[in-house]
Amino acid sequence: MSQVVIFFVIYILPVSLVMGLYIAWSRAKSRAATRRLEESIESGLSEPASLHPHIDSNLCLGCGACVSACPEGEILGLIDRRAQLVSPASCIGHGACQQACPVRAISLVFGTAKRGVEIPMLSPDFETNVPGIFIAGELGGMGLIKNAIFQGVSALQALASKHLKPAHDFEYDVAIVGAGPAGLSAGLAAMEKKLNYILLEQDTVGGTLAHYPRGKIVMTKPAILPLVGKFQFNEASKEQLIEFWRKAIRSSGLQITTQTRVDGIQTSGYGFSLSTTRGVIRARTVLLALGRRGTPRTLGVPGEEQGKVVYRLIDAEQYRGKHVLVVGGGDSALEAALSVARESGTTVSISYRNEAFSRAKPKNRDAMQAAMDNNTLQAYLRSTVRRIEPTAVCLDTPEGEKNIPNDYVIVCAGGILPNQFLQDVFTGG
């Protein structure tokens, strides 16, 4: 056997086989990612809700580090050896993809070319285009509690170092708006810095967390809180997390002004005036730690004003033995329907305008399919609510108009971000 043949067999052939397998694997991954992107577009889910990755295709190496780093699963994919956001509506802005990219090809942005920028751009220390106003937590796109804690503390530390010059005509050094994980963490950091702060919450302590269904399991990661120490959770129930925050508030002495809505923010000299339901508050700086669920999105149908229509599930037990319709196709809708369906004697239906629950996480889709197969609940896909009557709901379905018995309607159609409020704050509108 000649040396050329030996060289080919030992070196060239194995390398060629490996390269061939890699190319085949890469093409298969690209086809799968393309299908997910096409499904997102066909389902009308091509717009990310808030903070999301923007990939510079000129810098992207196609290494897939961002795809592997995303804790939410198949949000990113490789198409033609370049990373793309293939499930935009499911992205909740963890930011792990940006951190994983070895060439800094990913930046985190708000808004899209189609929708525009709903939330002002942030500097690396979470300051907005208005000097002295910072954003942290869900409104800034950080879905994980750990990330919200990090943002709240980091933003507070940044504003304390950059903007807190002596100003005797202000009541507070900082006004923190929102008492979810980001706002609570910022409040603790303000105490640690010995700042004169006010922490405002329009509802109850816990923010979005407080409105999760009873027993909902929340995924997070450990973090460190000022004055409190370790936040040592990888997953916990809503109740466990709420109790943790209550203990942290009691042990630290953190003061929170609840049931106070901020209606507007205006610049005032070297600080800001906040118009609230308790009057005007003047602060040197402002940290917005608002939830991004915003105002619940309504259906706009006749009969929706009835008391039997609600926009979040708090306790499934109250629906025991009743006819319940859940409207929506995201994770919150599926989790609500499944929770209510577990109650004895309850008849549960779910109405969704698309033909599949493609927005939801795989585990929720699987649980929903199992419930449908077991006749635990009835799903009306490609349907919309036409009207809500005292004892029934009328649906438009592919088969025509259908009336189903009903005692309660739970609408899980998402929320409308406080866009007008933000536009007024950041553009002076």
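Everything that follows concerns the structure shown earlier in this document.
Just so it is clear, the model here is predicted, and its values are computed rather than measured. (Residues numbered from 1 in each chain as written. Predicted model: local features only at pLDDT ≥ 70, side-chain atom pairs only at ≥ 80, totals over all residues. Heavy atoms only, no water.)

Engineer: Describe empty space enclosed by the protein, with residues and values.
Structural biologist: Under the counting rule described, the total for this entry stands at two cavities of 30 Å³ or more. Roughly 70 Å³ of internal volume is contained in the second largest cavity. Around the second largest cavity, the lining is made up of 13 residues, and of these C60, C63, C66, A83 and C101 lie nearest the centre. Classifying every residue of the lining of the second largest cavity gives eleven nonpolar, two polar and no charged. (1 Å grid on protein atoms, 1.4 Å probe; cavity = no way out; pocket = protein on both sides within 12 Å on 5 of 7 lines; lining within 4 Å. Points joined across faces, edges and corners; volume = space filled by probe spheres on them. Nonpolar A, V, L, I, M, F, W, Y, C, P; charged D, E, K, R; others polar.)

Engineer: Tell me about the pattern of salt bridges, and name the residues and values.
Structural biologist: If charged atoms from side chains of opposite charge come close, those side chains can pair. The full count for this structure, using the stated rule, is eight salt bridges. The salt bridge involving R250 is made with E243; its shortest N-O contact spans 3.5 Å. Among the residues examined, E243 registers a relative accessible area of 31% and is labelled partly exposed. Taking the shortest distance from any N to any O, the salt bridge between D263 and R261 comes out at 2.6 Å. Judged by its relative accessible area of 41%, R261 falls in the partly exposed class. Three or more residues are tied together by salt bridges with common partners; here these are R386, R387, E389, D396 and E401. (Salt bridge = Lys/Arg side-chain N within 4 Å of Asp/Glu carboxyl O. Buried < 20%, exposed > 50% of the residue type's maximum accessible area, 1.4 Å probe, protein only.)

Engineer: Now, about the sheet that holds strand 23 (residues 408-411): what can you tell me, with residues and values included?
Structural biologist: Pairing is parallel in the open sheet, where five strands are placed in the order 16-23-17-18-19. The open sheet terminates on both sides in strands that have one partner only, identified here as strand 16 (309-310) and strand 19 (377-381). Here two bridges tie strand 16 to strand 23, and the two strands are oriented parallel to one another. Pairing of V309 across the sheet is with V409, part of strand 23. Along the sheet, helix 7 (residues 331-341) contacts strand 17 (323-327), strand 18 (347-352), strand 19 and strand 23; its crossing angle with strand 18, the most-contacted strand, is approximately 165°. (Pairing = 2+ DSSP bridges. Helix = DSSP H or I, 4+ residues; strand = E, 2+ residues; numbered from the N terminus. Contact = heavy atoms within 4.5 Å. Axes fitted to C-alpha atoms, helices over the stretch in contact; angles between N-to-C directions.)

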